[in-house]
Amino acid sequence: MNLDMINRRGLVLLGCGKMGSAMLEGWLGQGLRPEATWVIDPHPSDWLKGVAANGLTLNDGMPDAPAVVLIAVKPQMMGAALPQIAGFGGGDTLIVTVAAGTTIATYEAAFGAGTHIVRAMPNTPAAVGRGITAITGNAVTTPADLDLAEALLSAVGQVVRLEGEHQMDAVTAVSGSGPAYVFHLIEALAAAGEAEGLPAELAMQLARATVTGAGELAHRAPETAEQLRINVTSPGGTTAAALSVLMEPDTGFPALLRRAVKAAADRGRSLGK
Ligand SMILES: NC(=O)C1=CN([C@@H]2O[C@H](COP(=O)(O)OP(=O)(O)OC[C@H]3O[C@@H](n4cnc5c(N)ncnc54)[C@H](O)[C@@H]3O)[C@@H](O)[C@H]2O)C=CC1
Ligand SMILES: O=C(O)[C@@H]1CCC=N1
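Conventions adopted
Residues numbered from 1 in each chain as written. Chains lettered and ligands numbered in written order. Predicted model: local features only at pLDDT ≥ 70, side-chain atom pairs only at ≥ 80, totals over all residues. Helix = DSSP H or I, 4+ residues; strand = E, 2+ residues; numbered from the N terminus. Buried ≥ 20, exposed ≤ 12 C-beta atoms within 10 Å, placed from the backbone. Contact = placed C-beta atoms within 7 Å. Core = buried A, V, L, I, M, F, W, Y, C linked by C-beta atoms within 7 Å. Near = placed C-beta within 6 Å. Nonpolar A, V, L, I, M, F, W, Y, C, P; charged D, E, K, R; others polar. Domains from an automatic or database assignment. UniProt positions renumbered as here; feature names shortened; annotations may be inferred. Pairing = 2+ DSSP bridges. Axes fitted to C-alpha atoms, helices over the stretch in contact; angles between N-to-C directions. Right-handed = clockwise from strand over helix to strand, strands pointing away. Parallel < 35°, antiparallel > 145°, perpendicular 65-115°, else oblique. Left-handed = near helix turned anticlockwise from the far one by under 90°. pLDDT = per-residue confidence, 0-100. Expected span 1.5 Å × (residues − 1).

Visitor: Before we go on, may I ask you to explain the overall build of the chain in this structure?
Guide: Looking only at helices and strands, the chain features twelve helices and eight strands. With the C-alpha coordinates aligned to their principal axes, the bounding extent of the chain is approximately 65 × 40 × 35 Å. Among the 273 residues that make up the chain, the fraction classed as buried is 33%. For the chain, contacts bridging at least 24 residues in sequence account for 67% of all contacts bridging at least 6.

As structure tokens, then:
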């Protein structure tokens, strides 16, 4: 991974909350120079103030032509936030946005149609280098723009390129929001263990280690997820008993996740209107 161009020309990060700081933490760990980084955020966290003490510029001007301006404010804040960086439109600065829902057309209206824009959907495991980000560009985006966005985002995990913006709301619902589903699985599994009589702390330790261990196995093992599931399931055993509940057609995981993912994708679509 090569952050050379970013380190030479600079990166501006607009909005450094949960997602912005997850990525920034990853980039700094991968060699982004704090001196090449400008952050604009009216409510900086203590962590960000600490990074600023080490050379990053926080709420104090901007470079003339940074390589990338990355937008990580909430879609609802976009109207107030974009005018601060509208001056970067039309130049050779690449605009990358990670906001859910907000469409490329909205940014083109703010920056001008000739502006090179990449819409991206990352997720918070970026903070530990294990994110996955989907990217897609606007009509004027060049292969070099997509390579630059990919270079930046692959510093914090995998990058996939989409066929087009029409896939973005579904991606958001699967991988952008997905970590929350997994964290909720930990909470629910621990609560279920407590209901079976385990002390809360032990139930949480078991649930957390099980989800992270299974995730790591799914990451490293060559087998499909289906085969890894089969490997746990002894015929007529305990797992089969649980799976008969979880795979129940109307109330099991597939039906529940189908509804949850649809709700997220629908919300993305309505945020874009
Ligand atoms: N949290 C997540 O897992 C993911 C979030 N996203 C997207 O990232 C964006 C940010 O989400 P979060 O980090 O979760 O929200 P957040 O609320 O934690 O962070 C937003 C940040 O923007 C700052 N801000 C507000 N107004 C501003 C302005 N005018 N100028 C500059 N900064 C301003 C806030 O102070 C805050 O620190 C959203 O658009 C969201 O859709 C995308 C993928 C995953
Ligand atoms: O909840 C949200 O809207 C953002 C987008 C994906 C994850 N968090």
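Read on, since the account is not over.
Visitor: Explain the nonpolar core here, please?
Guide: Inside soluble globular proteins, nonpolar side chains tend to come together where they are buried. In terms of nonpolar packing, the biggest core is built from 55 residues, with Leu-14 and Val-68 touching the most fellow members. Contact partners of Leu-14, with chain neighbours within four places excluded, come to Ile-40, Val-69, Leu-70, Ile-71, Ala-72, Val-73, Ala-81, Gln-84 and Ile-85.

Visitor: Can you help me understand the site of ligand 2 in this one?
Guide: What surrounds ligand 2 is the set Ala-100, Thr-172, Gly-176 and Ser-177. Its residues placed into classes, the shell around ligand 2 shows one nonpolar, three polar and no charged.

Visitor: Help me out: how do you make sense of the domain arrangement of the chain in this one?
Guide: A common way to report how large an interface is uses the accessible area buried once the components associate. Here the domain parsing of the chain yields domain 1 (4–168) and domain 2 (178–271). The straight-line distance from the C-alpha centre of domain 1 to that of domain 2 is 32 Å. For the side of domain 1 that touches domain 2, the per-class residue count stands at three nonpolar, four polar and no charged.

Visitor: Looking at this structure, I do not really get the UniProt feature "binding site: NADPH" (unreviewed entry) in the chain. What am I missing?
Guide: In the UniProt entry, the feature "binding site: NADPH" (unreviewed entry) is given for Asn-59. Accessibility expressed as a C-beta count within 10 Å gives 12 for Asn-59, which makes it exposed. In contact with Asn-59, not counting residues within four places along its chain, are Ile-40 and Asp-41.

Visitor: How should the UniProt feature "domain: Pyrroline-5-carboxylate reductase catalytic N-terminal" (unreviewed entry) in the chain be read in this particular structure?
Guide: Mapped onto this numbering, the UniProt entry annotates "domain: Pyrroline-5-carboxylate reductase catalytic N-terminal" (unreviewed entry) at residues 12–99. The span residues 12–99 is 26% helical and 19% strand by assignment, and the distance between its end C-alpha atoms comes to 15 Å.

Visitor: For this particular structure, what's the right way to read the sheet that holds strand β6 (residues 117–121)?
Guide: By definition, the strands of a sheet pair up through backbone hydrogen bonds, in either a parallel or an antiparallel sense. Taken in spatial order, the eight strands of this open sheet run β3-β2-β1-β4-β5-β6-β7-β8, and their pairing is mixed. In the strand order of this sheet, the two ends are held by β3 (57–58) and β8 (157–161), each with one partner. Looking at chain direction, strand β1 (residues 11–14) and strand β4 (residues 68–71) are connected through four bridges and run parallel. What sits directly across from Leu-14, in β4, is Ile-71. On the sheet, helix α7 (residues 168–176) packs against β6 and β7 (131–137) and is oriented at approximately 40° with respect to β6.

Visitor: Explanation requested: the pairing of β8 in the structure shown.
Guide: For a regular strand, side chains alternate in direction, first toward one face of the sheet and then toward the other. Where β7 and β8 come together, five bridges link them in parallel fashion. Bridge pairing in β8 links Ala-134 to Val-160. After leaving β7, the chain enters helix α6 (residues 143–153) and then returns to the sheet as β8, a path that is right-handed.

Visitor: Would you mind showing me how to read the packing of α7 against helix α12 (residues 253–271) here?
Guide: A pair of packed helices is characterised by two quantities: the angle between their axes and the separation of those axes. Remark: α7 packs on α12, axes separated minimally by 8 Å, with the N-to-C direction vectors making an angle of 135°. The angle between the axes of α7 and α12 places the two elements in the oblique class. Here the hand of the crossing between α7 and α12 comes out right-handed. The residues of α12 that touch α7, namely those facing Asp-169, Ala-170, Thr-172, Ala-173 and Val-174, are Val-261, Ala-264, Ala-265, Gly-268 and Arg-269. When grouped by side-chain class, the residues that make up the contact of α7 with α12 number six nonpolar, two polar and two charged.

Visitor: Could you clarify how one ought to interpret the confidence of the model for the chain in this entry?
Guide: Residues shown with low pLDDT carry predicted positions that ought not to be read at fine detail. Summarising the model, the chain shows a mean pLDDT of 95, and 100% of its residues fall at 70 or more. Model confidence for the complex: the whole-complex pTM is 0.95, and ipTM, which rates the interface, is 0.98.

Visitor: I'm lost on the environment of Ala-151 in this one. Help?
Guide: By secondary structure assignment, the location of Ala-151 is in helix α6. When the 18 C-beta atoms within 10 Å are taken as the criterion, Ala-151 is described as partly exposed. Between the C-alpha atom of Ala-151 and that of Met-62, which follows or precedes it by 89 residues, the distance is 22 Å.

Visitor: Would you take a moment to explain α7 for this structure?
Guide: Side chains of residues three or four places apart in an α-helix project in the same direction, reflecting 3.6 residues per turn. Listed as buried for α7 are Met-168, Asp-169, Val-171, Thr-172, Ala-173 and Gly-176. Among the structural elements, β6, β7, α8 (178–195) and α12 are those in contact with the buried residues of α7.

Visitor: Even after reading the chapter, I still don't get helix α2 (residues 18–29), so can you show me in this structure?
Guide: For α2, spanning twelve residues, the distance from its first C-alpha to its last is 17 Å, which sits close to the expected 16 Å at 1.5 Å a residue. Among the residues of α2, those classed as buried are Met-19, Gly-20, Ser-21, Ala-22, Met-23, Leu-24, Gly-26 and Trp-27. If you follow the buried residues of α2, they end up packed against β1 and α3 (46–52). Immediately downstream of α2, the backbone of Gly-31 shows phi near 110°, a positive value.

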